[in-house]
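Coordinate inspection notes
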Amino acid sequence: MTRLPDTAFPGTVLPDHGWLFSRTRSGRARGPAGARALLDILKSPDTHFQSIRVIGTNGKGSTCAMLEAGLLAAGLRVGRFTSPHLHAYEERIRVNGVNLAPDRTRDFIEWAKVHAPDAAFFDLTLALACQVFAEDGVEVAVMEAGVGGRSDATQTLGNVVAVTLTNADLDHTGVLGATVAEIARDKAGAARWGVPLLTTATGEALDVVREVAVETGAPLLTPQTHSELFALPHPPRLEGAHQYANAALAAATLRTLGHGDGVEAALNARHPARLERLSVDGKTVLLDGAHNPHATRALALAVPHADVLLFGNLARKDTPATLAPLLPLTGVRVFTATGDLATSPQELAARFGGVALPDPTEALAHALASTPIGGTLLVTGSLYLAAGVRARLDKR
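One structure accompanies this document, and this report is about it. If you're wondering where the values come from, they're calculated on a predicted model, not measured in any experiment.

Turning our eyes to something else, we now look at the overall build of the protein chain. Along its length, the protein chain carries 16 helices and 14 strands. Computed over its C-alpha atoms, the radius of gyration of the protein chain comes to 21 Å, within 12% of the 21 Å expected for a compact globule of 396 residues. On the principal axes, the C-alpha backbone points of the protein chain span a range of 60 × 55 × 40 Å. Evaluated residue by residue, the protein chain yields a buried proportion of 57% over its 396 residues. Nonlocal contacts in the protein chain, meaning residues at least 24 apart in sequence, comprise 73% of its contacts between residues at least 6 apart. Total accessible area computed for the protein chain in this model is approximately 15,600 Å², and 54% of it derives from carbon and sulfur atoms. Of the side chains in the protein chain, 36 bear a positive and 39 a negative charge, and the two mean positions are spaced by 1 Å.

Shown next as structure tokens:
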């Protein structure tokens, strides 16, 4: 294993996050090859710890948070690799519940500028996480996939001890396939011979996962085949019926790996911007990062009514299908932009009825003013929007 320098680079104070974020995958092939090349340069740090891969259309972040809490309670030294971050890049890489120190990001970026200047952002971040986990003596790392399973950079990880698949539904169709079956096949393609494959997928997606498990020789564990593993002693702390499935998956993974004593801690885990409830001036603000139709359907079941909806999402998403489950919740809608790649708020307001305020700060102020005392403002459509609102409310 190659150890990165642990001294400051002359003239460098903060990490050059701008350089890192500019390493987009645009025009680059997807898959594990790029990440594997980086890890090989670093002498395979991914083989120095056990990995639990967490894959799925939705629920990955919550499942990762529960797994991290459970493994920590079981007395292990734990790493967690997730994306995206809410407020700071270093949230993506944690050891024993502590975010990565910025100076380690800085040193890695300076190393990468010399040794891997053409590598993609996600591959670089994965390599940094593996390097940190190896250097810090992590025993088990919870590794969230980016997009897909077989086609994701995390497919290259060595020493995988469990593959957990939350669900499969329509999202990233331009990359993973146009149907649920195609997407499920890519995600289930993370399965490995002899490594437990656990899933709470249902319907057509589960049928595909079963086929892939047989093809790969992966032991398949589901609530239908191993109900005792997925059983919950009580509901999870995270709100919403959809969190029951995430909690059951985390509990089953912990028990399968011999860490069942961490289930209680897993059920009590917190995770920001997942139906996070805040109180602002006598009003309830619900923050949720739901950004695709599967997620907003679950959100609408958890929140049957809101006084005001503040919505913004990325233009590459299926916006009409994502927004459809939310429209019956309220007729008071405020549409905003989540950045340069956002769906036009003006187009959304014209099509679905509401107010268009592209500036998120102005949109939040208007949405709050429109929410009655004792009422509820639901903020959703993108984790980027939820994070921005969360940060603004923290400053009030």
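A volume near 190 Å³ is recorded for the second largest pocket. Every residue lining the second largest pocket is listed: R237, L238, E239, R270, H271, P272, R274, L275, E276, R277 and R390. Residues belonging to the lining of the second largest pocket are distributed by class as follows: three nonpolar, one polar and seven charged.

Let us look at the packing of helix α2 (residues 33–41) against helix α5 (residues 121–135). Between α2 and α5, the shortest axis-to-axis distance is 9 Å and the interhelical angle comes to 40°. Between α2 and α5, the angle falls in the class oblique. The two elements α2 and α5 cross, and the hand of that crossing is right-handed. Residues G34, A35, L38 and L39 of α2 lie in contact with α5, whose contacting residues are D123, L124, L126, A127 and C130. Among the residues making up the contact of α2 with α5, the classes are represented as seven nonpolar, one polar and one charged.

What follows covers the packing of aromatic side chains. In this structure the tally under the stated criterion is seven aromatic pairs. Judged by centre distance (5.6 Å) and plane angle (85°), the rings of F49 and F133 are edge-to-face. In this pair, F49 is assigned in the loop between α2 and β1 (50–55) and F133 in helix α5, connecting sequence segments 84 residues apart. Measuring from centroid to centroid gives 5.5 Å for F81 and F122, while their planes differ by 65°, and the two rings are edge-to-face. Pair noted here: F81 is in strand β2 (residues 78–81) and F122 is in helix α5, with a separation of 41 residues, a long-range link. When sorted by exposure, F81 lands in the same class as F122, which is buried. Ring pairing ties together the aromatic residues F21, Y89 and F121, which thus form one cluster.

An order of β9-β10-β14-β11-β12-β13 is seen for the six strands of this open sheet, with the pairing classed as mixed. Looking at the sheet topology across the chains shown, the edges are occupied by β9 (276–280) and β13 (355–356). The pairing of strand β10 (residues 283–287) with strand β14 (residues 376–380) spans four bridges and is classified as parallel. Residue pairing in the sheet places L287 in a bridge with V379 of β14. Running at roughly 155° to strand β12 (residues 333–335), helix α14 (residues 345–352) makes contact with β11 (308–311), β12 and β13 of the sheet.

We now examine the nonpolar core. Membership of the largest hydrophobic core comes to 55 residues, with the highest contact counts inside it found for L124 and F133. If one sorts the elements of this core by residue count, α5 sits on top with 10 residues. Not counting residues up to four positions away in its chain, the partners in contact with L124 are W19, L20, R23, L38, F108, A112, A116 and A119. Listed in part, the 28 residues of the second largest apolar core include V54, L67, V78 and A266.

In this section: the packing of helix α7 (residues 180–188) against helix α8 (residues 203–216). Two numbers describe how α7 lies on α8: the axes approach to 9 Å, and their chain directions differ by 40°. In this view, α7 runs oblique relative to α8, as classed from their interaxial angle. Of the two elements, α7 crosses α8, and the hand of that crossing is right-handed. The segment α7 lies against α8, with V180, A181, A184, R185 and A188 engaging E204, A205, V208, V209, E211, V212 and E215. For the contact of α7 with α8, the per-class residue count stands at eight nonpolar, no polar and four charged.

Before going further, it helps to examine α14. For α14, the complete set of buried residues consists of P345, L348, A349 and F352. The arc enclosing the buried residues of α14, seen along the axis, measures out at 95°, which places them on a common side. Away from its buried face, by an angle of more than 90 degrees, α14 presents the exposed residues E347, A350 and R351. Check the buried side of α14 and you find it contacts β11, α13 (319–323), β12 and β13.

A few words now on the pattern of salt bridges. Enumeration according to the criterion identifies 16 salt bridges in this entry. Two residues, D46 and R36, come together in a salt bridge whose shortest N-O distance is 3.0 Å. Here D46 is found in the loop between α2 and β1, whereas its partner R36 is found in helix α2, with 10 residues between them in sequence. Relative accessible area serves as the criterion here: at 0%, D46 is assigned to the buried category. Each of D16, E110 and K113 takes part in salt bridges that share partners, so that together they form one network.

Adjacent strands of a sheet pair through backbone hydrogen bonds, lying either parallel or antiparallel. Taken together, the eight strands give an open sheet; going across it, the order is β4-β3-β2-β5-β1-β6-β7-β8, and neighbouring strands pair in mixed fashion. Looking at which strands have only one partner, the edges of the open sheet turn out to be β4 (98–99) and β8 (220–221). Pairing of strand β3 (residues 93–95) with β4, which is carried by two bridges, proceeds in the antiparallel orientation. Bridge assignment links R94 to a residue of β4, and that residue is N99. Contacts from helix α3 (residues 60–73) reach β1, β2, β3 and β5 (140–144), with the element oriented near 175° to β5.

Reading guide: rules and limits
Residues numbered from 1 in each chain as written. Predicted model: local features only at pLDDT ≥ 70, side-chain atom pairs only at ≥ 80, totals over all residues. Heavy atoms only, no water. Helix = DSSP H or I, 4+ residues; strand = E, 2+ residues; numbered from the N terminus. Rg over C-alpha atoms; globule rule 2.2 N^0.38 Å. Buried < 20%, exposed > 50% of the residue type's maximum accessible area, 1.4 Å probe, protein only. Contact = heavy atoms within 4.5 Å. Areas by Shrake-Rupley, 256 points an atom, 1.4 Å probe, with all protein chains shown as cover. Lys, Arg positive; Asp, Glu negative; His and termini not counted. Charge placed at Lys NZ, Arg CZ, Asp CG, Glu CD. 1 Å grid on protein atoms, 1.4 Å probe; cavity = no way out; pocket = protein on both sides within 12 Å on 5 of 7 lines; lining within 4 Å. Points joined across faces, edges and corners; volume = space filled by probe spheres on them. Nonpolar A, V, L, I, M, F, W, Y, C, P; charged D, E, K, R; others polar. Axes fitted to C-alpha atoms, helices over the stretch in contact; angles between N-to-C directions. Parallel < 35°, antiparallel > 145°, perpendicular 65-115°, else oblique. Left-handed = near helix turned anticlockwise from the far one by under 90°. Phe/Tyr/Trp six-rings, centres within 6.5 Å; stacked < 30°, edge-to-face > 60°. Pairing = 2+ DSSP bridges. Core = buried A, V, L, I, M, F, W, Y, C linked by side-chain atoms within 4.5 Å. Arc of directions from axis to C-beta. Salt bridge = Lys/Arg side-chain N within 4 Å of Asp/Glu carboxyl O.

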